[in-house]
Amino acid sequence: MKRTGFIAIVGNANAGKSTLLNALIKQKVSIVSPKPQTTRDSIMGVWTDEDSQMVFVDTPGFFKSKNALGDYMLKSIDTAVRDVDCVLVVIDGHDGISDSEMAQISKYKKLGAPIVVVVTKIDITQPQKLMPELAKLNGIECIREVYCVSAKRNRGVEELKQALKKYLTGDEIYFEEDDVTDKSQRYIVGEIIREKVLLCCENEIPHGIGIAINKMQFENDSWDIDATIVVEKASHKPIVLGKHGTMIKGIGIHARESIEKFLDAKVFLTLWVKIKEDWRNNPSMLNELGYSNKN
């Protein structure tokens, strides 16, 4: 009989939560970029082996909400940590432990679930800087274990995953053996496009963009996908388009390559750019783009 359970992955923005999730399940289901609040929704990553099924729940990074989208993101964190078998607190070892992270650990102590801390990015952290931070964590009574990993280089990830099995309390199988996430193909495709916009535009555009999948149709062994990149300001549209359309062409090339890898099929991708001012405070637009607290 397999041991099963849910493990919430929480932590500050850019602590490496999404990179860790992808490494734990050996599949990319959560997008990654240097921009804070890249993850907007709780995304489940599923790992099933011969003796267990672990459902990891990636969450947005801790932040102060400034709009309706932010409220949605914060609610998704609170929802994700309810009734889990373990709370995995991810801390950026390179940046050190902040007072806010210490406060968050105390907050999760009240939930009653075991707390395991993962210190990430040890491949770029000097040992003399890391050791005092680890000493701080070892002094917190509610922390069951502390692990150091480099998710990017896959160091310590397997050891962490095996250790987490001891916290699994269920025996009900929630997902099929070949499932890796609870999200639909349509959702992941939209997230891949958003990731490429964030990476290609770098610091030229804020993270306030959304992706609407207008069409996603499979026929003749290929996918025909039509999507709209939604921006908040008129000044953002020419940035996404680029001079003579070079930027959106580059976004399309990178997105298509990643989508083809994800769907394992040829993809024809068409991208549009639309301005929707202050869309992050517009309930109908939030719902259209898949951010809804109604469910």
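Right, let's walk through the structure included here. Only a predicted model underlies this, so the values are computations on that prediction, with no experimental measurement involved. Each chain carries its own residue numbering, running from 1 in the written order of its sequence. It should be noted that, the model being predicted, local features are given only for residues of pLDDT at least 70 and side-chain atom pairs only at 80 or more, the latter also being counted only at that level, while totals for whole chains, interfaces and linings use all residues. The basis for every side-chain value is the complete set of non-hydrogen atoms in the structure, without hydrogens or water.

**Looking at the sheet that holds strand β8 (residues 222–231)**
So, step 1. One requirement defines pairing of two strands: DSSP has to find at least two bridges between them. Secondary structure is summarised from DSSP: a helix means a run of H or I of at least four residues, a strand means a run of E of at least two, and numbering begins at the N terminus for each. Read across the sheet, 3 strands follow the order β7-β8-β9 without closing on themselves; strand pairing throughout is mixed. Edge strands, defined here as strands with exactly one partner in the open sheet, are β7 (210–219) and β9 (266–275). Strand-to-strand twist of the sheet, defined as the mean angle between neighbouring strand axes without regard to direction, takes the value 15 degrees.
So, step 2. The pairing of β8 with β9 spans 10 bridges and is parallel. Every axis corresponds to a line fitted to the C-alpha atoms, with the helix fit spanning only the stretch in contact, and the corresponding angles, defined between N-to-C directions, vary from 0 to 180 degrees.

**Details of the pattern of salt bridges**
So, step 1. Think of a salt bridge as a Lys or Arg side-chain nitrogen and an Asp or Glu carboxyl oxygen that are within 4 Å of each other. Per the counting criterion, the structure on display carries 13 salt bridges.
So, step 2. Its salt-bridge partner being D49, residue K165 comes within 2.8 Å of it at the nearest N-O pair. Separated by 116 residues along the polypeptide, K165 in the loop between α5 (157–164) and α6 (185–201) and D49 in the loop between β2 (43–48) and β3 (52–58) bring together distant segments of the chain. Of the two residues, K165 and D49, both sit in the buried class.
So, step 3. A salt bridge links E260 to R256; the shortest N-O distance between them is 3.5 Å. Of the two residues, E260 and R256 both sit in helix α8 (residues 246–263), 4 residues apart, roughly one turn of that helix.
So, step 4. Residues joined by salt bridges that share partners form a network here, namely K28, E195 and K196. Each residue's exposure class comes from its accessible area (1.4 Å probe, protein chains only) as a fraction of the maximum for that residue type: buried when under 20%, exposed when over 50%, partly exposed otherwise.

**Quick notes on helix α3 (residues 99–109)**
So, step 1. Buried within α3 we find E101, Q104, I105 and Y108. Considered in projection along α3, the buried side chains sweep an arc of 100 degrees and stay on one side of the axis. Looking at α3, the residues exposed on the side facing more than 90 degrees away from the buried face are D99 and K109. What the arc covers is the set of directions going from the helix axis to the C-beta atoms.

**Some remarks on the pairing of β7**
So, step 1. The pairing of β7 with β8 spans 9 bridges and is antiparallel. Counterpart to I213 in the pairing with β8 is A227.
So, step 2. Here β7 folds back onto β8 in antiparallel fashion, the turn holding 2 residues, of which N220 has a positive phi close to 55 degrees.

**Things to note about the sheet that holds strand β1 (residues 3–11)**
So, step 1. Read across the open sheet, the 6 strands follow the order β2-β3-β1-β4-β5-β6; overall the sheet is mixed. In this open sheet, the two strands that pair with only one neighbour each are β2 and β6 (143–148). Adjacent strand axes in the sheet meet at a mean angle of 25 degrees when their direction is disregarded.
So, step 2. Here strand β4 (residues 86–92) runs beside strand β5 (residues 115–120); their pairing, made up of 6 bridges, is parallel. Residue pairing for β5: D92 is matched across the bridge by T120.

**As for the packing of aromatic side chains**
So, step 1. Only Phe, Tyr and Trp rings are paired, with Trp represented by its six-membered ring, and only when their centres lie within 6.5 Å; those with planes under 30 degrees apart are stacked, over 60 edge-to-face, the remainder tilted. In this structure the tally under the stated criterion is 2 aromatic pairs.
So, step 2. Look at F218 and W223: their rings are 5.0 Å apart centre to centre, the planes differ by 50 degrees, and that puts the pair in the tilted class.
So, step 3. Positioned above the aromatic ring of W47 is the side chain of K161, whose terminal nitrogen or guanidinium carbon lies 3.5 Å from the ring centre.
So, step 4. The ring of Y187 has K183 lying over it, and the distance from NZ or CZ to the ring centre is 4.7 Å. A positively charged side chain is recorded as over a ring if its NZ (Lys) or CZ (Arg) lies within 6 Å of the ring centre. The angle to the ring normal must also be within 35 degrees.

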